[in-house]
Amino acid sequence: MAFFDKIKQGLSKTRKNISTQLQSMFDSFTGANEEFFEELEETLIMADLGAELAMRCVDKLRELTKQRGLRGPEELREALSEILLEILISSGEGISLNTKPSVILMIGVNGVGKTTTIGKLAARFTKEGKRVLLCAGDTFRAAAAEQLSEWAGRSGADIVRHEEGSDPGAVVFDAISAAKAREVDIIICDTAGRLHNKQNLMNELNKISRIIDRELPGADRETLLVIDATTGQNGLIQAKQFREAARVTGLVLTKLDGTAKGGIVFAIADELGLPVRYVGVGEQVDDLIDFEPREFVNALLR
Ligand SMILES: Nc1nc2c(ncn2[C@@H]2O[C@H](COP(=O)(O)OP(=O)(O)O)[C@@H](O)[C@H]2O)c(=O)[nH]1
Ligand SMILES: [Mg+2]
């Protein structure tokens, strides 16, 4: 399936909501008047952009409309794309995983899709001919390492795991040693999201981070915060706690196939000021899309 179709299919619920709404607005377009702008603002709020951001976008559109003398629905749609795109691209640059090994650290609340995303990424990297090692840093439940093992088996990646309840830092240490010995390209490290409180979370993530700093100085590292798109504005609040606990470098938005409110992508990128790296659009191994802001906006608005 072509890349663009894949996004469209994955985002079908979101598209049905935002695109259909906008389409009907543009179909019944009678002019760039207050009624139009108000309806647009409502549509964006319904799509989970958040009231403040929706207002900002519409104000900007009013401004552009005046400045450029925009008239037709197509011109307005184009200007809106531009505004939405700006939110996504101003939040950061591309991913860089060039050292050998490099490290991806996956963090986020329990159940958001960390382990699944790791599995999808592992499959993708091994397919590219890279050597991948998974690190079972979620030692809270035996089932977590079990689930990661299954993904390792499926994708042809190696895995380092310890017993349930063991120190995640020790697993990370062992994974790094193994990676050095086996000439691994990418270590992908799972973590537990089920921690008692923020201090606890911070300590745990700091410890893992220090071990990576010490054992792999100079290695490229991405710390990806995973957010479940179906939790909407609520997920955003949790995300902020994680961002305070770790040096997050990028975002993964999962379950976009399960929500009509894809506007959350804009709210999150805007609020956290972090680039979205990947989006999850299903539970299968290839249901992961490299996030391309332009393609994403086009998929929503066209
Ligand atoms: N529909 C859908 N389900 C997903 C996606 N990503 C993960 N899941 C499901 O979400 C549930 C929790 O995922 P898991 O990876 O175990 O979350 P973790 O606790 O953060 O490691 C599982 O049932 C996954 O199959 C996605 O992009 N779309
Ligand atoms: Mg997990």
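So, how was this worked out
- Residues numbered from 1 in each chain as written.
- Chains lettered and ligands numbered in written order.
- Predicted model: local features only at pLDDT ≥ 70, side-chain atom pairs only at ≥ 80, totals over all residues.
- Near = placed C-beta within 6 Å.
- Helix = DSSP H or I, 4+ residues; strand = E, 2+ residues; numbered from the N terminus.
- Nonpolar A, V, L, I, M, F, W, Y, C, P; charged D, E, K, R; others polar.
- Core = buried A, V, L, I, M, F, W, Y, C linked by C-beta atoms within 7 Å.
- Buried ≥ 20, exposed ≤ 12 C-beta atoms within 10 Å, placed from the backbone.
- Domains from an automatic or database assignment.
- Contact = placed C-beta atoms within 7 Å.
- Pairing = 2+ DSSP bridges.
- Axes fitted to C-alpha atoms, helices over the stretch in contact; angles between N-to-C directions.
- Parallel < 35°, antiparallel > 145°, perpendicular 65-115°, else oblique.
- Left-handed = near helix turned anticlockwise from the far one by under 90°.

Trainee: Mind showing me how you'd approach the site of ligand 1 here?
Mentor: Gly 113, Lys 114, Thr 115, Thr 116 and Gly 280 are the nearest of the 18 residues found near ligand 1. A per-element tally of the shell around ligand 1 places helix H6 (residues 114-127) first, with three residues. Of the residues that constitute the shell around ligand 1, the class distribution is two nonpolar, eleven polar and five charged.

Trainee: Hey, could you run me through the nonpolar core in this one?
Mentor: Soluble globular proteins tend to bury their nonpolar side chains together. Within the largest apolar cluster, 89 residues are counted, with the highest numbers of intra-cluster contacts made by Ala 122, Leu 134, Cys 135, Ile 187 and Ile 188. The leading source of residues in this core is helix H11 (residues 264-272), at seven residues. Per-domain counts for this core show at least three residues from each of domain 1 (3-89) and domain 2 (102-293). In this structure Ile 188 touches Ile 104, Met 106, Ile 118, Leu 121, Ala 122, Val 132, Leu 134 and Cys 135, once residues within four positions along its chain are discounted.

Trainee: How do you make sense of the domain arrangement of the chain when you look at a structure like this?
Mentor: It is common to give the size of an interface as the accessible area that goes away when the parts come together. Once the domains are mapped, the chain shows domain 1 (3-89) and domain 2 (102-293). If you average the C-alpha positions of domain 1 and of domain 2, the two centres end up 32 Å apart. Facing the 20 residues of domain 1 at the interface are 20 residues of domain 2. Of the residues belonging to the side of domain 1 that touches domain 2, the class tally is twelve nonpolar, four polar and four charged.

Trainee: Explain the sheet that holds strand S5 (residues 221-228) here, please?
Mentor: Think of a sheet as strands paired side by side through backbone hydrogen bonds, with each pair either parallel or antiparallel. Spatially, the eight strands line up as an open sheet ordered S3-S2-S4-S1-S5-S6-S7-S8, and their pairing is mixed. With partners counted over all chains shown, the strands left at the sheet margins are strand S3 (158-160) and strand S8 (288-290), one partner each. Across the sheet, the mean angle from the axis of one strand to that of its neighbour is 25°, orientation sign disregarded. For strand S6 (residues 250-254) and strand S7 (residues 276-280), the ladder comprises three bridges, and the chain directions are parallel. Opposite Leu 253, over in S7, you have Val 279 as the bridge partner.

Trainee: Even after reading the chapter, I still don't get the packing of helix H5 (residues 73-89) against helix H12 (residues 293-301), so can you show me in this structure?
Mentor: Helix-helix packing: each pair is described by the crossing angle between the helix axes and the interaxial distance. Where H5 meets H12, the axes come as close as 9 Å, and the angle between the chain directions of the two elements is 140°. The pairing of H5 with H12 is recorded here as oblique in orientation. With respect to the hand of their crossing, H5 and H12 are arranged in right-handed fashion. Mapping the contact onto sequence places Arg 77, Leu 80, Ser 81, Leu 84, Leu 85, Leu 88 and Ile 89 in H5 and Pro 293, Arg 294, Phe 296, Val 297 and Leu 301 in H12. Tallied by class, the residues present in the contact of H5 with H12 amount to nine nonpolar, one polar and two charged.

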